[in-house]
Amino acid sequence: MGVGIQVDNLNAWYGSNHTLLDINLHIPANQATALIGPSGCGKSTFVRCLNRMHETNPVAKVTGSVRIGEIDIYADASPVEIRRRIGMVFQRPNPFPTMSIYDNVASGLKLNGFRNRRVTDEVVERSLQQAALWDEVKNDLKKKSGASLSGGQQQRLCIARALAVDPEVLLMDEPASALDPVSTAKIEDLIFQLKSQYTIVIVTHNMQQAARVAERTGFFLSGKLVEFDSTHKIFTNPGDKRTEDYITGRFG
Amino acid sequence: MPGPFDTPDPVKQTPPALPPGQEPSAIRKFLLSRGSSALADRGFRWLMIGCALSIFAIVALIATELVMRSQLTIAKFGLKFFFGTAWDPVNGDFGALPFIYGTLVSSAVALVIAVPLAVGVSIFITEMCPKFLRGPLSFLTELLAAIPSVVYGLWAIFVLVPLLREHVNPVLMKLFGWSGLFVEPNFGIGMLAAGVILSIMILPVISSLTREVMTSVPHSQREAVLALGATRWEMIRMGVLRNARIGIVGSIILGLGRALGETMAVTMVIGNRPDIVKNLLAPGYSMASVIANEFSEASDDMYLSALIEIGLALFIVTIIVNALARLLVWAVTRGAPARVN
């Protein structure tokens, strides 16, 4: 089951560029939360701060606190321990091209030294089923490489890979922006199915997508969280003029 | 009746006329003045075909020349030449096996030392080293490739060989003497010295290519592994080395090619004795070395023919080793394509 996320006074920098300014918000457990905003507004940086991927860039810096469940991820644990609890799906599908489909899904388990073959088989099947990919690949699990699939299938494979380690939170950084409409619809269905079991944070360029999948939506602009509310409120009666301008297409 | 989406008959179409008194733009005029360039394109195509074919021609020429010039020994010894162990120019008895053995063993020693070192250097440079050190360090490793091999040979004689004799070999004999690979006599020069100097010479070839392949692994692969909760070493193993392995094997093949053919430095430290012994501290001989050493003193036709056939053997061994290496790459990567998206 998922856990909630409490963010307090989060600031982030790339070199001298202050990309996130005093972000405060609470992301509820077992719901989908969408983050929208124009390019460069800091929404991707924000999700990368939630699993400490931001700091893999040598010039990056973070202050403030992020509590995921009971853990302050910047005070109580190492980045490696944090990332084992939080799955991430990236903008461009990035399956491991030298591994079979099966090994791609099992890679998180293998990486952490999990050896039980029977359980691994079960986890691979369950994860692929959750990612709605099982029926398409079940016959060549170990024959085909992860890179031999189509773009949309690759992205669902990446989702299965993230789900296989049973994460408490699933972060998705524009998971459908590189995909065609059919694949996008499949990914959205998937988010809909998964959000009862996982806390999902999804960054998206596509406002309709946010409206379709998320209970809550946050609007970022120039590194600030302008508004964070229920998706319904954001899209029908936004409290801030800038949010209204953005969702009605006046800029961005 | 034409349907609504049919394109109109091209014959009826007239080019859009410019309004009277208006010239086409300078760019349009320039582009119209160019022909189809078909001739240049065809010429380029044939030029490239010629370049590609010249490779085959050179290889074929070398092979025929080697076979023609070693007619005497081929006729006298046949295939036995490659398996004979005698090397007696005075009585006209020749066999290539000790030289083949020496070339293969010294190259193998070189790979055993150079491959882990080169991969380690590449990992350090691409994944761990601070940015300001990256340039100088890469430059230094590549500088090793620019040193002439005779200089390596001199350095080996005056520095490496005494070092091996006084400090390294005694330890090896003590620890691994039981294996039979490191036993008396300890001259310093010998198969091990040749292997060590070769390893230093092929290090830059392997490490610079390995570094290049590792750098070209997309950043998204590293992020994918990190996001699964990998430590740095696990990220390098699963995200980088695994994706780069075909390129790394390719760089090892290139390094091996250089080791097999290296002449000068090896000649200076291998000991130049055509023996086949298990002991790596004992002197040996290599194919390239025997040609370099004895070509000028090959007084009769049979002797000369034998040396040229050694060259033929080197040619064949190189081809076989390369083919085996490619087979290995093919076998390892058969299941999964090498494509990195």
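Going along each chain's sequence as written, the residues are numbered from 1 onward. Chains carry letters from A onward and ligands carry numbers from 1 onward, assigned in written order. Only residues with pLDDT of at least 70 get local features here, since the model is predicted, and only at 80 or more are side-chain atom pairs given and counted; chain-wide, interface and lining totals rely on the full set of residues. Only hydrogens and water are set aside; all other atoms, that is, all heavy atoms of the structure, feed into the side-chain values.

### Section: the layout of surface pockets
Reasoning step 1: Definitions used for this entry: grid spacing 1 Å over protein atoms alone; cavity, a set of points where a 1.4 Å probe fits but cannot get out; pocket, an open set with protein on both sides within 12 Å along at least 5 of 7 lines; lining residue, one with an atom within 4 Å of a point. Grid points are joined across faces, edges and corners, and a volume is the space filled by probe spheres set on the points. Considering only enclosed or pocket space, the largest pocket measures out at about 820 Å³ in volume.
Reasoning step 2: Around the largest pocket, the lining is made up of 28 residues, and of these Thr56 and Pro58 of chain A together with Glu127, His219 and Arg232 of chain B lie nearest the centre.
Reasoning step 3: Each helix is a run of DSSP H or I of at least 4 residues and each strand a run of E of at least 2, with the numbering of both proceeding from the N terminus. If you list the elements that add at least two residues to the lining of the largest pocket, you get helix H2 (79-85) of chain A together with helix H5 (97-128), helix H6 (131-143), helix H8 (191-215), helix H9 (219-227) and helix H10 (232-261) of chain B.
Reasoning step 4: Ranked by residue count, the leading element in the lining of the largest pocket is H9 of chain B, at four residues.
Reasoning step 5: When the residues that make up the lining of the largest pocket are grouped by side-chain class, the tally is twelve nonpolar, six polar and ten charged.
Reasoning step 6: Within this model, the second largest pocket holds a volume of roughly 210 Å³.
Reasoning step 7: Basically, the charged four are Asp, Glu, Lys and Arg, the nonpolar ten are Ala, Val, Leu, Ile, Met, Phe, Trp, Tyr, Cys and Pro, and anything else, Gly included, counts as polar. When its residues are assigned to classes, the lining of the second largest pocket shows two nonpolar, four polar and four charged.

### Considerations on the domain arrangement of chain B
All names here are of chain B.
Reasoning step 1: Where each domain starts and ends comes from a domain assignment, either automatic or drawn from a database. Domain boundaries assigned for chain B yield domain 1 (29-69) and domain 2 (74-332).
Reasoning step 2: For domain 1 versus domain 2, the distance between C-alpha centres works out to 35 Å.
Reasoning step 3: The contact rule is simple, with two residues in contact once any of their heavy atoms fall within 4.5 Å. Taken together, the contact between domain 1 and domain 2 spans six residues of the former and six residues of the latter.
Reasoning step 4: When two components associate, each loses some accessible surface as probed by a 1.4 Å sphere; the sum of these losses over both components is called the buried area. Ranking the residues of domain 1 by area buried against domain 2 places Leu66, Val67 and Arg69 at the top, with a combined share of 76%.
Reasoning step 5: For salt bridges, the criterion is a side-chain nitrogen of Lys or Arg within 4 Å of an Asp or Glu carboxyl oxygen. Here domain 1 and domain 2 share zero salt bridges between them.

### Brief notes about the interface of chain B and chain A
Reasoning step 1: Across the contact, 22 residues belong to chain B and 26 residues belong to chain A.
Reasoning step 2: Overall, the association of chain B and chain A removes approximately 2,200 Å² of surface from exposure, summing both partners, and the carbon and sulfur fraction of that is 58%.
Reasoning step 3: Our count for the chain B to chain A interface comes out at one salt bridge.
Reasoning step 4: Two residues, glutamate 223 of chain B and arginine 48 of chain A, come together in a salt bridge whose shortest N-O distance is 2.5 Å.

### Topic: the sheet that holds strand S2 (residues 17-27) of chain A
Residue and element names in this part refer to chain A.
Reasoning step 1: If you trace the four strands from one edge of the open sheet to the other, you get S2-S1-S4-S5, paired in antiparallel fashion. Each end of this open sheet is capped by a strand with a single partner; those strands are S2 and strand S5 (71-72).
Reasoning step 2: Pairing between two strands requires that DSSP report at least two bridges joining them. Taken together, the eight bridges between strand S1 (residues 5-14) and strand S4 (residues 60-68) define a ladder with antiparallel strand orientation. Across the sheet, the residue bridging to isoleucine 5 is isoleucine 68, located in S4.
Reasoning step 3: All axes here are fitted lines through C-alpha atoms, helices being fitted over the stretch that makes contact, and every angle between N-to-C directions spans 0 to 180 degrees. Packed on one face of the sheet, helix H1 (residues 43-50) meets S1, S2 and S4 and runs near 120° to S1.

### What about the pattern of salt bridges?
Residue and element names in this part refer to chain A.
Reasoning step 1: On inspection of all chains with the given rule, the structure shows 20 salt bridges over all chains.
Reasoning step 2: Between aspartate 103 and lysine 110 there is a salt bridge whose closest N-O contact spans 3.3 Å.
Reasoning step 3: Exposed residues in this analysis have more than 50% of their type's maximum accessible area, buried residues have under 20%, and partly exposed residues fall in between, with area computed by a 1.4 Å probe over protein chains only. We classify aspartate 103 as partly exposed; its relative accessible area is 22%.
Reasoning step 4: The exposure class of lysine 110 is partly exposed, given its relative accessible area of 44%.

### Quick look at a nonpolar patch on the surface
Residues and elements named next belong to chain B.
Reasoning step 1: Among the surface-exposed residues, Ile147, Val150, Val151, Leu154, Trp155, Ile157, Phe158, Val159 and Met264 lie close enough to one another that they form a single nonpolar patch of about 750 Å² accessible area.
Reasoning step 2: Considering every element that reaches the nonpolar patch, the biggest residue donor is helix H7 (residues 149-176), with seven residues.
Reasoning step 3: For methionine 264, the position within the fold is in helix H11 (residues 264-269). Patch definition: residues above 30% relative accessible area lacking any salt bridge, with like charges linked at up to 9 Å and the nonpolar side chains Val, Leu, Ile, Met, Phe, Trp and Tyr linked at up to 5 Å. In short, Shrake-Rupley with a 1.4 Å probe defines the accessible areas, and a residue's cover is counted only from the protein chains shown.

### What about the packing of helix H3 (residues 101-111) of chain A against helix H4 (residues 117-130) of chain A?
All names here are of chain A.
Reasoning step 1: At their nearest, the axes of H3 and H4 sit 10 Å apart, and the two run at 110° to each other. Put simply, H3 runs roughly perpendicular to H4. Handedness of the H3/H4 crossing: right-handed. Contacts between H3 and H4 involve Ile101, Tyr102, Val105, Ala106 and Leu109 from the first element and Arg117, Thr120, Asp121, Val123, Val124, Ser127 and Leu128 from the second.
Reasoning step 2: Tallied by class, residues from the contact of H3 with H4 come to eight nonpolar, two polar and two charged. Roughly parallel means an angle under 35 degrees; roughly antiparallel means over 145; roughly perpendicular covers 65 to 115; every other angle is labelled oblique. Take the far helix as the reference: if the near one is turned anticlockwise from it by less than a right angle, the crossing is left-handed, and if turned clockwise, right-handed.

### Section: the nonpolar core
Reasoning step 1: Residues belong to a common nonpolar core when they are buried Ala, Val, Leu, Ile, Met, Phe, Trp, Tyr or Cys residues joined through side-chain atoms within 4.5 Å. Among the nonpolar cores identified, the biggest contains 108 residues, and Ile5, Val7, Ile23, Phe46 and Leu50 of chain A together with Trp87 and Leu192 of chain B are the most heavily contacted of them.
Reasoning step 2: At twelve residues, H8 of chain B tops the list of elements feeding residues into this core.
Reasoning step 3: Setting aside its immediate chain neighbours within four residues, tryptophan 87 of chain B contacts Asp93, Phe94, Gly95, Phe99, Pro274, Val290, Glu294, Tyr303, Ala306, Leu307 and Ile310 of chain B.
Reasoning step 4: Within the second largest apolar cluster, 45 residues are counted, among which are Val137, Ala160, Met172 and Ile247 of chain A.

### Brief notes about the packing of aromatic side chains
Reasoning step 1: We call Phe, Tyr and Trp rings a pair once their centres come within 6.5 Å, taking the six-membered ring for Trp, and we label the pair stacked below 30 degrees between planes, edge-to-face above 60, and tilted otherwise. Enumeration according to the criterion identifies twelve aromatic pairs over all chains in this entry.
Reasoning step 2: Should the NZ of a Lys or the CZ of an Arg lie within 6 Å of a ring centre and within 35 degrees of the ring normal, that charge is described as sitting over the ring. Over the face of the ring belonging to tyrosine 102 of chain A we find lysine 142 of chain A, whose NZ or CZ atom lies 4.3 Å from the ring centre.

### Focus: the environment of alanine 244 of chain B
Residues and elements named next belong to chain B.
Reasoning step 1: The topology assignment puts alanine 244 in helix H10.
Reasoning step 2: According to the relative accessible area criterion, alanine 244 is buried, its value standing at 1%.
Reasoning step 3: For alanine 244 and isoleucine 100, which are 144 residues apart along the polypeptide, the C-alpha to C-alpha distance reads 32 Å.
Reasoning step 4: Contact partners of alanine 244, with chain neighbours within four places excluded, come to Val213, Met214 and Val217.

### Section: the sheet that holds strand S7 (residues 169-173) of chain A
Strand pairs in the sheet, formed through backbone hydrogen bonds, run parallel or antiparallel to each other.
All names here are of chain A.
Reasoning step 1: The six strands lie next to each other as S6-S7-S8-S3-S9-S10, forming an open sheet whose pairing is mixed. The sheet is open, and its two edges are formed by strand S6 (86-89) and strand S10 (224-230), each paired on a single side. Neighbour to neighbour, the strand axes of the sheet diverge by 15° on average, direction disregarded.
Reasoning step 2: Against the sheet, H1 touches strand S3 (32-36), S6, S7, strand S8 (199-203) and strand S9 (216-221), its axis set at about 150° to S8.
Reasoning step 3: Packing of helix H7 (residues 181-194) onto the sheet brings it into contact with S3, S7 and S8, and relative to S8 it is tilted by some 150°.

### Some details on the side chain of threonine 217 of chain A
Reasoning step 1: You can see threonine 217 of chain A is positioned in strand S9.
Reasoning step 2: Setting aside its immediate chain neighbours within four residues, threonine 217 of chain A contacts Ala34, Ile36, Ala210, Glu227, Phe228, Asp229, Ser230, Thr231, Ile234 and Phe235 of chain A.

### As for the pairing of S6 of chain A
Residue and element names in this part refer to chain A.
Reasoning step 1: Of the two faces of S6, both are covered, the one formed by Ile86 and Met88 as well as the one formed by Gly87 and Val89.
Reasoning step 2: The sheet contact formed by S6 and S7 spans four bridges and is parallel. The residue bridging isoleucine 86 from the neighbouring strand is valine 169, located in S7.

### What about the confidence of the model for chain B?
Residue and element names in this part refer to chain B.
Reasoning step 1: pLDDT measures how confident the predictor is about each residue, on a scale from 0 to 100. The predicted model of chain B has a mean per-residue pLDDT of 88, with 92% of residues at 70 or higher.
Reasoning step 2: This model gives residues 335-341 a pLDDT under 50, and the stretch forms 18 contacts once residues within four places in sequence are excluded.
Reasoning step 3: Scoring the predicted complex yields pTM 0.81 and, for the interface, ipTM 0.90.

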